[in-house]
Each structure stands twice: as C-alpha cells, then as structure tokens.
Amino acid sequence: MELADGRIGVIGYRSGGRQTFLAACSLRIAAAVDCYGAFVVTAPPAGSPLKAEPLISRAADLSCPLLGLFGADDRFPSPDEVDVLSAELDKLGKEHEFHVFPDAGHGFFSVDRPAYRRAAPAPGQGRGRPAVGDRQTSSDMYRRVPPGRKPTRS
C-alpha cells in the first residue's frame, strides 16, 4: 500500500504476515504490519503439506519498523515464537512492537470465520493503521519501545 508521503508500507494476515516479514527484510519499505504470520521462527510441523523455511535468519535485514499483532491462543505462531522473534529483533536493534491478545487465536481479524475476536483491535483502528498510514505516529510509537521490552499481552 502507498503511504500518504508516497512511500510503501506492507500489511499481511496469516500467510501474508509471513510474506510481510519477508518483504520487510528484502525490500526498502517504510513500515510493515505482521498479523499472525506463521513460520517466521520455525518450520511447519512434520507432515504438513506446507513447505517453508524459517525466516528468522533474515531479521538482520529488516528495513523498517515492524508491528506484530498475534493471538495468545495461536499455535502458528505461538506466543513463545513471538517472544523468540522479539528477542532476536531486540538483539539486532530493530524497531518493532508486538502485541499478543488474550483469547484470540489464528485469524482473529477474519470477520467471516469462527476465529474472529471482536475484542482484538480491528485493522485500521488503533495499532494497525498508524504503522502504515501515518509515519509520524508510527515513528513516535516505535521510538517509545525500548530494546529488550517483552511483547505486551494486550
């Protein structure tokens, strides 16, 4: 998506969240929002038809602030995987802010699925929109997150 100032931001849900992380590590973009992107830290489980390699080794190439929105009841990625990614980004000094929402699983933004959780923030409200739609707001937001901070349990 194009930001107000003409730069590019990326947002992705589910497998698109994984692709958002990959894009943010491969391209020069202004902001990225990963909504429950799986298999960034670990590979899919044995026997899964999905064949994907973990992307965490590319974290050093993250080109922009990363906002991550995850569910506490998700298995892919699990809260532990979110913590591992956050710790790696902290170690690398990469700007990021992750939120793990209680009682939310994978796909909690999908209004047409049983996984939908109204209590989690809607895309474009609160946390998602500033990161991609208003660079000043996201710069301020990320500047307040000190390295070493654990993901919040919103």
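Coordinates for the structure precede this section.
Given the structure is predicted, the values throughout are model-derived calculations rather than measurements.

Undergrad: I'd love a proper account of the environment of Arg18, names of residues and values included.
TA: Its place among the elements puts Arg18 in helix 1 (residues 15-26). Along the backbone, Arg18 and Gly37 are 19 residues apart, and their C-alpha atoms lie at a distance of 4.3 Å. Aside from chain neighbours lying at most four places away, what touches Arg18 is Asp34, Gly37, Ala38, Phe39, Val40, Ala52, Glu53 and Leu55.

Undergrad: Give me the pattern of salt bridges: which residues, what numbers.
TA: Side-chain pairs of opposite charge can arise whenever the charged atoms involved come near each other. For the structure on display, the rule yields one salt bridge. Residues Lys91 and Glu88 are paired through a salt bridge, measuring 3.3 Å at the closest nitrogen-oxygen approach. With Lys91 and Glu88 both in helix 2 (residues 79-92), this residue pair falls three residues apart, about one helical turn.

Undergrad: Can you break down the nonpolar core residue by residue, with the values?
TA: In terms of nonpolar packing, the biggest core is built from 29 residues, with Phe21, Leu66, Leu69, Leu85, Leu89, Phe98 and Phe108 touching the most fellow members. Where this core is concerned, the elements lending two or more residues are helix 1, strand 2 (31-35), strand 3 (66-71), helix 2 and strand 4 (96-101). Sorting elements by how many residues they give to this core places strand 3 first, with four residues.

Definitions and limits used
- Residues numbered from 1 in each chain as written.
- Predicted model: local features only at pLDDT ≥ 70, side-chain atom pairs only at ≥ 80, totals over all residues.
- Heavy atoms only, no water.
- Helix = DSSP H or I, 4+ residues; strand = E, 2+ residues; numbered from the N terminus.
- Contact = heavy atoms within 4.5 Å.
- Salt bridge = Lys/Arg side-chain N within 4 Å of Asp/Glu carboxyl O.
- Core = buried A, V, L, I, M, F, W, Y, C linked by side-chain atoms within 4.5 Å.
- Buried < 20%, exposed > 50% of the residue type's maximum accessible area, 1.4 Å probe, protein only.

In short, shape yes, function no, at least from these values alone.
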